[in-house]
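# Fold and contact review
Listed below are the residues making up each chain.
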Amino acid sequence: MAFSTDSLIHPDEARARIFHHVARLPSERVALRAAAWRVLADDLMAEENHPPFPAATMDGYAVIADDPSPWREIVGRQTAGSVEEIDLDLGTAAWITTGAPVPRGANAVVPVEVTSLADEHVVIHQERIDPGANIRPIGIDLMRGSLVLRSGSMIGPAEIGLLAGLGIDPVTVVQRPRVSVLSTGDELVEPTETPGPGQIRDSNRFSLLAALQESGADVIWDGHGPDDAMALRRALLERIAESDVVITSGGVSMGDLDLIKPLLAEIAEVHFRRVLMKPGKPFNFATVADTLIFSLPGNPVSALVGFEVFLRPALRQMQGFREIDRPRVHVLVDHEVRPSDRIEFQRAIVRADGVGALTATTTGAQASSRLASLVGSNALIVVPAGTEPLPSGSRLDALLVGPLRGADHPRSPEVPRNAQ
Ligand code: AMP
Ligand code: MG
């Protein structure tokens with residue numbers, strides 16, 4: 001391709017180059033109970049009617065709707081789970097429970113609340129009984145041959161209930177991407193360790209593991225590598241061989257110990273290295289055969305924002321999700337916003353003000369090392385590159401990355417802002 005991989009490209013171009021290499025993974029059959037939160041691989045048609053028979057929706061009496069009899073003889077009892085030999089005629093009724101099949105001849109169910117008993121008879125204290133009243137017709141939820149769920153639907157609690165109701169077990173779902181996560185840097189120690197002089201704890205790996213879990217990825221390996229070319233090369237080649245996606249953090253800037261960048265140039269096909277965005281300008285995307293390699297910068301916010309903007313949609317595309325992106329909404333910022341020379345994804349709290357507008361407040365200092373700027377935020381507001389401050393009340397796009405907050409939600413996150 002006729003471009004330099006070192007040139008700064010627009011985030012849209014970066015996304016296009018990534019998606020050029022992203023394909024839906026093959027499907028697999030999994031037990032129904034393991035299908036929750038997975039993505040349905042094929043359109044699913046109902047092979048049965050659901051419900052399979054007309055059923056009472058109330059406890060009461062099955063009757064003939066336009067029967068003029070003032071009271072009716074009780075000729076049977078029909079409970080849920082069986083079919084009794086009952087034939088209703090004028091002047092008769094059958095006691096029935098919710099979910100029970102409606103006996104032959106009956107065309108309405110009268111709720112027990114509007115009846116009273118006299119000897120072996122039921123008296124109905126209701127002027128009019130409509131035909132079909134309190135009967136759930138056959139196939140009202142789903143008719144045989146109708147579309148139940150579309151390919152690409154996520155299987156949540158309601159969807160899995162439908163599948164169970166239709167007897168679909170196992171379920172054909174799209175495979176989850178097998179992902180390896182490698183954080184790099186001589187300064188990093190495990191969270192359980194006490195950092196020595198000049199060391200810090202590895203936080204990115206754990207942030208990325210959580211983000212990967214939310215994206216539906218299957219993390220098959222995670223670990224840490226030193227700033228050592230040979231060790232990184234070995235680790236990376238091993239991971240590439242067994243993963244659909246390899247994510248690294250750190251080592252993609254311009255320093256001599258930023259070893260991931262030259263390593264990728266050597267072992268992979270690099271598609272871009274720098275994106276005109278803030279945070280997260282150094283961001284390498286490369287491939288080796290079908291394996292995608294995303295190399296994120298080491299700064300914790302840069303790593304997570306890069307994940308959110310590029311990796312999450314790619315991972316969802318691989319899983320066949322019909323909706324791969326976060327909702328993009330318009331927000332009104334409630335304070336002045338200073339743009340930078342690049343498109344900036346500022347962390348913010350977005351609240352619904354109750355009259356239809358969404359209001360955004362950024363979470364304090366936006367330094368790319370300040371993980372606290374992401375804590376409690378539910379949105380990334382997209383601030384176009386520019387030189388002039390945007391006044392309070394300006395309308396901007398935002399990616400909703402967490403649940404929308406109500407008007408009464410605090411404007412700022414509940415963490416100390418003195419970390420600025
Ligand atoms: P790098 O991209 O390797 O130059 O790292 C940029 C900054 O992020 C440096 O201050 C690193 O110490 C820090 N950093 C790199 N990796 C991690 C990590 N896994 N967890 C927390 N901070 C990191
Ligand atoms: Mg480093």
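Residues numbered from 1 in each chain as written. Chains lettered and ligands numbered in written order. Predicted model: local features only at pLDDT ≥ 70, side-chain atom pairs only at ≥ 80, totals over all residues. Heavy atoms only, no water.

## Remarks on the sheet that holds strand S7 (residues 92–96)
Quick reminder of the rule: Here, strands pair whenever DSSP counts at least two bridges between them. In this text, helices come from DSSP runs of H or I with a minimum length of four residues, and strands from runs of E with a minimum of two, each type numbered from the N-terminal end. Between N-to-C directions, angles cover 0 to 180 degrees, with each direction set by a line fitted to C-alpha atoms, over the stretch in contact for helices.
Taken in spatial order, the six strands make up an open sheet running S8-S5-S7-S6-S10-S9, and their pairing is mixed. What marks the edges here is a single partner per strand, and that holds for strand S8 (108–111) and strand S9 (115–118). This sheet shows a mean twist of 40° between the axes of neighbouring strands, independent of strand direction. In this structure, strand S6 (residues 71–78) lies alongside S7, joined through five bridges in parallel fashion. Residue pairing in the sheet places Ile74 in a bridge with Ala93 of S7.

## Notes on the site of ligand 1
Keep this limit in mind: Being near a molecule or strand, for a residue, means having at least one of its heavy atoms within 4 Å of it. Counting of polar contacts relies on pairs of N or O atoms within 3.5 Å, with two restrictions inside protein: one atom must be capable of donating a hydrogen and the other of accepting it, and residues adjacent in sequence are counted only when both atoms are side-chain atoms. Three classes are used: nonpolar for Ala, Val, Leu, Ile, Met, Phe, Trp, Tyr, Cys and Pro, charged for Asp, Glu, Lys and Arg, and polar for all others, with Gly counted as polar.
Glu187, Asp202, Ser203, Gly251 and Gly298 are the nearest of the 17 residues found near ligand 1. Measuring from a nitrogen atom of ligand 1, one finds a backbone N or O atom of Ser203 at 3.0 Å. Gly251 is positioned such that a nitrogen or oxygen atom in its backbone is 2.9 Å from an oxygen atom of ligand 1. If you list the elements that add at least two residues to the shell around ligand 1, you get strand S14 (178–184) and strand S16 (200–201). Its residues assigned to classes, the shell around ligand 1 comprises four nonpolar, nine polar and four charged.

## Notes on the sheet that holds S14
Adjacent strands of a sheet form backbone hydrogen bonds with each other and so pair up, either parallel or antiparallel. Pairing in this open sheet of seven strands is mixed, and the strands run S1-S19-S21-S22-S18-S14-S17 from one edge to the other. Since the sheet does not close on itself, it has two edges, and those belong to strand S1 (8–9) and strand S17 (218–225), each with one partner. Relative to strand S19 (residues 269–275), S1 runs parallel, the two being bridged by two bridges. Of the residues in S19, the one forming a bridge with Ile9 is Val275.

## Details of the packing of aromatic side chains
Put simply, the rule reads: Only the six-membered ring of Trp is used, alongside the rings of Phe and Tyr, when aromatic pairs are assigned; centres must lie within 6.5 Å, and planes under 30 degrees apart are stacked while those over 60 apart are edge-to-face, with the rest tilted. A ring is scored as having a charge over it whenever the NZ atom of a lysine or the CZ atom of an arginine sits within 6 Å of its centre and within 35 degrees of its normal.
Tallying each qualifying case throughout the model produces five aromatic pairs. One Lys or Arg, Arg77, reaches over the ring of Trp95 and ends 3.9 Å from the middle of that ring. It is Arg316 that lies over the ring of Phe321; its NZ or CZ is 3.8 Å from the centre.

## So, the pattern of salt bridges
Which entries qualify depends on this criterion: Basic side-chain nitrogens of Lys or Arg form a salt bridge, by our definition, when they fall within 4 Å of a carboxyl oxygen of Asp or Glu. Only protein chains enter the area calculation, which uses a 1.4 Å probe; residues under 20% of their type maximum are buried, those over 50% are exposed, and those in between are partly exposed.
Under the definition given, this model contains 24 salt bridges. Measuring nitrogen to oxygen at the nearest pair gives 2.7 Å for the salt bridge that ties Arg17 to Glu13. One end of the pair, Arg17, and the other, Glu13, are both in helix H1 (residues 11–19), four residues apart, so they sit about a helical turn from each other. Given the relative accessible area of 33%, Glu13 is considered partly exposed. For Asp325, the salt bridge goes to Arg15, with nearest N and O atoms at 2.8 Å. Linking Asp325 in the loop between helix H6 (300–318) and strand S23 (328–333) with Arg15 in helix H1, this pair joins segments that are 310 residues apart in sequence. Taking relative accessible area as the criterion, Arg15 reaches 26% and is therefore assigned partly exposed.

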